Amino acid sequence: MYWESYSHQQIKEIVRDALKQNLDYRERPVLGLPASYLDTEVFYNDAPFLKDAPFLSALIANPNHIGCHTLNESEAAFTGTHKIEKELIDLCAQQIFEGGYEHFDGYVASGGTEANIQAIWILKRYYEVEFNAKPEEIGVIYSEDAHYSMPKACKLLSLKSYVSKVEEDNRRVTKASIEQRVADAREAGVKHFVVIMNMSTTMFGSVDDIDEITGWLDALEVDYKVHVDGAFGGYIYPFATKSMAYTFQNPKINSFTLDGHKMLQSPYGTGVYLTRKDFMEYALTEEANYVKGKDYTLIGSRSGANAIAVWMIMRTYGSDGWKAKIQQLLSKTSKLCGNLDERGIEYFRNPEMNIVTIKSKYVSPELAHKYMLVPDAHDINVKWWKIVVMDHVRHGVIDSFLMDLDAERMVAK
């Protein structure tokens, strides 16, 4: 896992050169494209600060990244910034997820939700094309801790969900529930499965034991493909673990979702979808005849500036700098957990993640509101409160929370 860090000057020059390779509406006689640069009365392009602001320069240039640039030739008007997105996909697939020198496909989506829907859509089409399967013959298995984009995808794609149970205290998927869900699905006529593995659940930061679960499925002789939801964990878990289970070295895994606007602190609209070669074709929209290279994505037209933002962050830190940042966050999280242990407070935390979820009996709603802790459910009795240790969570804020927690417990006694 290695990629080089670039200086701010290098990043400016690369983005500037990429924008020069793109179409400039001011210099070319453009009649056929429906897009343009941003409105100059509002977003004026001669602001002095733009020369030192590559992301803002890209926003104003407004490149359209429709299509999949790792797959084939895309719109010629924006080839310069398309190359940056392609490099970003290669960095994520080959370096973060240990894809080596293999080639992968992917694109920068509007977020993790879209990337997860894209993954399930592609695997649905795979089974329809290769096995002549009907929608009712394809089932989607995911745990009760999985993100709500899974049931959303199933409703959109007319697929049946099969939700496995997890153990309350350790959030592990249970073998009995997997076996029961497979039996239920087969009884309903399901022959093929899309299996979602969580590389950090949203509420708990729990990571499914992929080797254990796929072992159960293999023993049941299930025909399945695995998609990994790493929307939260994708930019932290691979840098904290030595396990290779959640990489492209694992032949069970077909695709990954990452989400830049979480750990990477990139703008919203920076989800990343990655898949093995030869699968993106199942999402081809043949009817997109006027689009060069056609379209393979749910979103269609999308901002090239968002891809540049993610690339800029990764290139600013480099792999060594990013590992150091992650270790700082994990160290801060461990310190919080040590303080909770001293107080005998029950919580869940994956030691390779920065999420700490405390049992609700230890935290009053008032204290949770003060520190904006997130409940496991807003409309029913709260069982857990979540803390996410990000850059803005300073040691002083943690200490203040612990002092307030102690004060509440003293009053309770």
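Throughout this description, residue numbers start from 1 for each chain and increase along the sequence as written. Totals for whole chains, interfaces and linings use every residue, but because this is a predicted model, local features are given only for residues with pLDDT of at least 70 and side-chain atom pairs only at 80 or more, for both listing and counting. No hydrogens and no water enter the side-chain calculation; it runs on all heavy atoms of the structure.

A.B. asks: Residue-level account of the pattern of salt bridges, with values.
C.D. replies: The rule for a salt bridge is simple: a side-chain nitrogen of Lys or Arg has to be within 4 Å of a carboxyl oxygen of Asp or Glu. Tallied over the entire structure, the rule returns 26 salt bridges. Between Lys191 and Glu137 there is a salt bridge; the shortest N-O distance is 3.3 Å. One end of the pair, Lys191, is in the loop between helix H6 (175–187) and strand E4 (192–198); the other, Glu137, is in the loop between helix H4 (112–131) and strand E2 (138–143), with 54 residues separating them in the sequence. The class of Glu137 is buried, set by a relative accessible area of 16%. A network of salt bridges, in which partner residues are shared, links Asp169, Glu346, Lys359 and Lys361. The helix count covers DSSP runs of H or I at least four residues long, the strand count covers runs of E at least two residues long, and both are numbered beginning at the N terminus. A 1.4 Å probe rolled over the protein chains alone gives each residue an accessible area, and that area as a share of the maximum for its type sets the label: buried under 20%, exposed over 50%, partly exposed in between.

A.B. asks: An account of the side chain of Thr270 is needed here, citing residue identities and associated values.
C.D. replies: Within the fold, Thr270 resides in the loop between strand E6 (253–259) and strand E7 (271–276). Taking the relative accessible area as the measure of exposure, Thr270 reaches 0% and is therefore buried. Apart from the residues lying within four places of it in its own chain, the contact partners of Thr270 are Val108, Ala109, Ser110, Asp259, Gly260, His261, Asn306 and Val310. Contacts between residues were defined by any pair of non-hydrogen atoms, one from each residue, lying within 4.5 Å.

A.B. asks: How would you explain the packing of helix H1 (residues 8–21) against helix H3 (residues 79–96) if you had to name every residue and give the values?
C.D. replies: All axes are obtained by fitting lines to C-alpha atoms, using only the stretch in contact for helices, and the reported angles, taken between N-to-C directions, cover 0 to 180 degrees. Running from N to C, H1 and H3 point in directions that differ by 135 degrees, and their axes come no closer than 5 Å. The orientation of H1 with respect to H3, classified from their angle, is oblique. On H3, the residues that touch Ile14, Val15, Ala18, Leu19 and Gln21 of H1 are Thr79, Gly80, Thr81, Lys83 and Ile84. Only Asp, Glu, Lys and Arg are considered charged, only Ala, Val, Leu, Ile, Met, Phe, Trp, Tyr, Cys and Pro nonpolar, and every remaining residue, Gly among them, polar. Classifying every residue of the contact of H1 with H3 by side-chain character gives 5 nonpolar, 4 polar and 1 charged. These descriptions rest on fixed angle ranges, namely under 35 degrees for roughly parallel, over 145 for roughly antiparallel, 65 to 115 for roughly perpendicular, and the rest for oblique.

A.B. asks: Tell me what's going on with the sheet that holds strand E3 (residues 160–164), and back it up with residues and numbers.
C.D. replies: Two strands qualify as a pair provided DSSP detects at least 2 bridges between them. Here 7 strands make up an open sheet; going across it, the order is E1-E7-E6-E5-E4-E2-E3 and the pairing mixed. Strands with a single pairing partner mark the edges of an open sheet, and in this sheet they are strand E1 (104–109) and E3. The average undirected angle you get between the axes of adjacent strands in this sheet is 20 degrees. Taken together, the 5 bridges between E6 and E7 define a ladder with antiparallel strand orientation. The partner of Leu258 across the bridge, within E7, is Val272.

A.B. asks: So what about the side chain of Glu75? Which residues, and what values?
C.D. replies: Looking at the element boundaries, Glu75 is found in the loop between helix H2 (54–61) and H3. Salt bridges are absent for the buried Glu75, whose nearest opposite-charge side chain, Lys292, sits at 8.1 Å. Any pair of nitrogen or oxygen atoms within 3.5 Å is treated as a polar contact; in protein, a donor-acceptor pairing is required on top of that, and neighbouring residues in sequence qualify only through side-chain atoms on both sides. A polar side-chain atom of Glu75 sits 3.1 Å from the main-chain amide nitrogen of Lys292. When charges are tallied, Lys and Arg are placed among the positive residues and Asp and Glu among the negative ones, while His and the ends of the chain are skipped.

A.B. asks: Mind laying out unusual backbone geometry, listing which residues take part and the relevant values?
C.D. replies: Excluding glycine, most residues fall at negative phi; most peptide bonds, likewise, are trans. With phi around 60 degrees, Asn62 is a residue other than glycine that occupies positive phi space. Tracing the backbone through its elements, the reader meets Asn62 in the loop between H2 and H3. Under the relative-accessibility criterion, Asn62 is labelled partly exposed at 28%. Of note, the phi angle at Gln265 is positive, near 60 degrees, even though the residue is not glycine. If you trace the backbone, Gln265 turns up in the loop between E6 and E7.

A.B. asks: Give a detailed account of the pairing of E2, specifying residues and quantitative values.
C.D. replies: Of all the 6 residues making up E2, 6 are buried; the element is thus mostly covered by neighbouring parts of the structure. Side chains of E2 alternate between two faces, with Ile138, Val140 and Tyr142 and Gly139, Ile141 and Ser143 buried alike. The pairing of E2 with E4 spans 4 bridges and is parallel. Bridge assignment links Gly139 to a residue of E4, and that residue is Phe193. Taken together, E2, helix H5 (residues 149–157) and E3 form a β-α-β motif whose crossover is right-handed. Assignment of crossover handedness uses the view with strands pointing away from the viewer, where a clockwise path from the first strand over the helix to the second indicates a right-handed crossover.

A.B. asks: Outline a nonpolar patch on the surface, supporting the account with residue identities and numerical values.
C.D. replies: A patch consists of residues exposed above 30% relative accessible area that lack any salt bridge, with like charges linked at up to 9 Å and nonpolar side chains (Val, Leu, Ile, Met, Phe, Trp, Tyr) linked at up to 5 Å. In short, Shrake-Rupley with a 1.4 Å probe defines the accessible areas, and a residue's cover is counted only from the protein chains shown. Judged by side-chain polarity, Phe49, Leu56 and Leu59 come together as a nonpolar surface patch covering roughly 250 Å² of accessible area. Its location among the elements puts Leu56 in helix H2. Under the relative-accessibility criterion, Leu56 is labelled partly exposed at 35%.

A.B. asks: So, the sheet that holds strand E8 (residues 347–348): which residues are in play, and what are the values?
C.D. replies: Pairing is antiparallel across the open sheet formed by 4 strands, whose spatial order is E8-E9-E11-E10. Because the sheet does not close on itself, it has two edges, and the strands there are E8 and strand E10 (374–375). The pairing of E8 with strand E9 (residues 355–359) spans 2 bridges and is antiparallel. Across the sheet, residue Tyr347 finds its bridge partner in E9, namely Ile358.

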